[in-house]
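Chain and residue survey
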Amino acid sequence: MNENTPRSPLEGLRAAWADGLKEEVRRSAIAFVTIWVLFFAACAISPDLRARLAEMMFSTLNAKDLSDASGNISFLAVFLNNVEATAFIMLYGLVPFIQLPALALGINAMMLGVMAAWYAAEGISPLAYLAALLPHGVLELPALFLAFGTGLYICGQLTRRCRKDQSARPLWACMTLASQMLLWVLVPLLLAASFVEAYVTPAVAALFL
């Protein structure tokens, strides 16, 4: 692979996509859905596991304080939280060999699986779960998959570099790719997703709760 930086951010993203980023995003999406389903099944079978994980999940969400002074979801807080999370997911990839973005992937997928099991155990309609997730999830989940895939791609590139593979991207190119993905793709997606989560999702979810 040529290490010269493409002239535009979009060219850089396209080059990485063709170079293996697409495959990492695809694998991340498959792994995410698989872990989601596995944790839903495990929590559906084991009430004790469901209770422990649900308590941990709600405690984590409450600690983030994503509400405004009126108790409603804050668009700005959600947006900044999601941008920070996706940025760190990609930066985790700067640590070679360990594949830390996979850990973040597993935690996020686990939380959605636990939430689905909790909704079912409380007798809440599956439609309510989907209504609370999908309006913004159709934008936020692709952003997460792209962040996971980018982090894993970067980790793979730097791991190859550490093994003296000169065809892999160097550190500066990996950092450039992460910044291009964040600024040109993730920020627009998360901006729209945060708006929907703050102003549309609550109204849609209220129809089923």
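Everything that follows concerns the structure shown earlier in this document.
Here the structure is a predicted model, which means the values were calculated and not measured. (Residues numbered from 1 in each chain as written. Predicted model: local features only at pLDDT ≥ 70, side-chain atom pairs only at ≥ 80, totals over all residues. Heavy atoms only, no water.)

1. Comments concerning the environment of A31
Mapping A31 onto the fold places it in helix 1 (residues 9-45). With a relative accessible area of 29%, A31 lands in the partly exposed category. (Helix = DSSP H or I, 4+ residues; strand = E, 2+ residues; numbered from the N terminus. Buried < 20%, exposed > 50% of the residue type's maximum accessible area, 1.4 Å probe, protein only.)

2. Considerations on helix 1
Compared with the 54 Å implied by 1.5 Å per residue over 37 residues, the 47 Å span of helix 1 between its first and last C-alpha is markedly short. Along helix 1, the sharpest kink reaches roughly 70°, centred on A18. Of the residues making up helix 1, those classed as buried are G12, L13, A16, L21, E24, V25, S28, F32, W36 and C43. Tucked into the core, helix 1 has its buried residues touching helix 2 (47-64), helix 4 (100-121), helix 5 (126-162) and helix 6 (171-199). (Expected span 1.5 Å × (residues − 1). Bend = angle between axes of the 7 residues up to and from the residue. Contact = heavy atoms within 4.5 Å.)

3. Things to note about the environment of N82
Within the element layout of this structure, N82 appears in helix 3 (residues 75-92). A C-alpha to C-alpha distance of 34 Å links N82 and D165, two positions 83 residues apart in sequence. With residues up to four places along the chain from it excluded, the contact list for N82 reads E140, L190, S194 and E197. At a separation of 3.5 Å, a polar atom in the side chain of N82 contacts the side chain of E140. (Polar contact = N/O pair within 3.5 Å; in protein donor to acceptor, adjacent residues only side chain to side chain.)

4. Notes on the nonpolar core
F32, W36, F148 and L186 are the most contacted members of the largest nonpolar core, which totals 37 residues. Elements supplying a minimum of two residues to this core: helix 1, helix 3, helix 4, helix 5 and helix 6. By residue number, the principal contributor to this core is helix 5, which donates 13 residues. Not counting chain neighbours up to four residues away, the residues in contact with W36 comprise A109, L112, G113, A116, Y129, L133 and L141. Of all hydrophobic cores here, the second largest spans eight residues; its members include C43, L53, M57 and V114. (Core = buried A, V, L, I, M, F, W, Y, C linked by side-chain atoms within 4.5 Å.)

5. Focus on the packing of aromatic side chains
In the structure shown here, the tally under the stated rule is 10 aromatic pairs. With a centroid separation of 5.1 Å and an interplanar angle of 70°, the aromatic rings of F58 and W118 are classed as edge-to-face. With F58 in helix 2 and W118 in helix 4, this pair connects stretches of sequence that are 60 residues apart. With a relative accessible area of 27%, W118 lands in the partly exposed category. (Phe/Tyr/Trp six-rings, centres within 6.5 Å; stacked < 30°, edge-to-face > 60°.)

6. Section: the pattern of salt bridges
Enumeration over the complete set of coordinates arrives at three salt bridges. In this structure, R27 engages E24 in a salt bridge whose closest nitrogen and oxygen atoms are separated by 3.5 Å. Of the two residues, R27 and E24 are both situated in helix 1; the distance of three residues between them amounts to about one turn of the helix. Taking relative accessible area as the criterion, R27 reaches 47% and is therefore assigned partly exposed. The residue R160 makes a salt bridge to D165 at a minimum N-O spacing of 2.9 Å. A residue is classified by how much of its surface remains accessible, and R160, at 29% relative accessible area, is partly exposed. (Salt bridge = Lys/Arg side-chain N within 4 Å of Asp/Glu carboxyl O.)

7. Brief notes about the packing of helix 1 against helix 6
Two numbers describe how helix 1 lies on helix 6: the axes approach to 10 Å, and their chain directions differ by 115°. Of the two possible hands of crossing, helix 1 and helix 6 adopt the one that is left-handed. On helix 6, the residues that touch P9, G12, L13, A16 and L21 of helix 1 are L177, Q180, M181, W184 and V185. Grouping the constituent residues of the contact of helix 1 with helix 6 by class yields eight nonpolar, two polar and no charged. (Axes fitted to C-alpha atoms, helices over the stretch in contact; angles between N-to-C directions. Left-handed = near helix turned anticlockwise from the far one by under 90°. Nonpolar A, V, L, I, M, F, W, Y, C, P; charged D, E, K, R; others polar.)

Taken by themselves, the reported measurements are silent on function.
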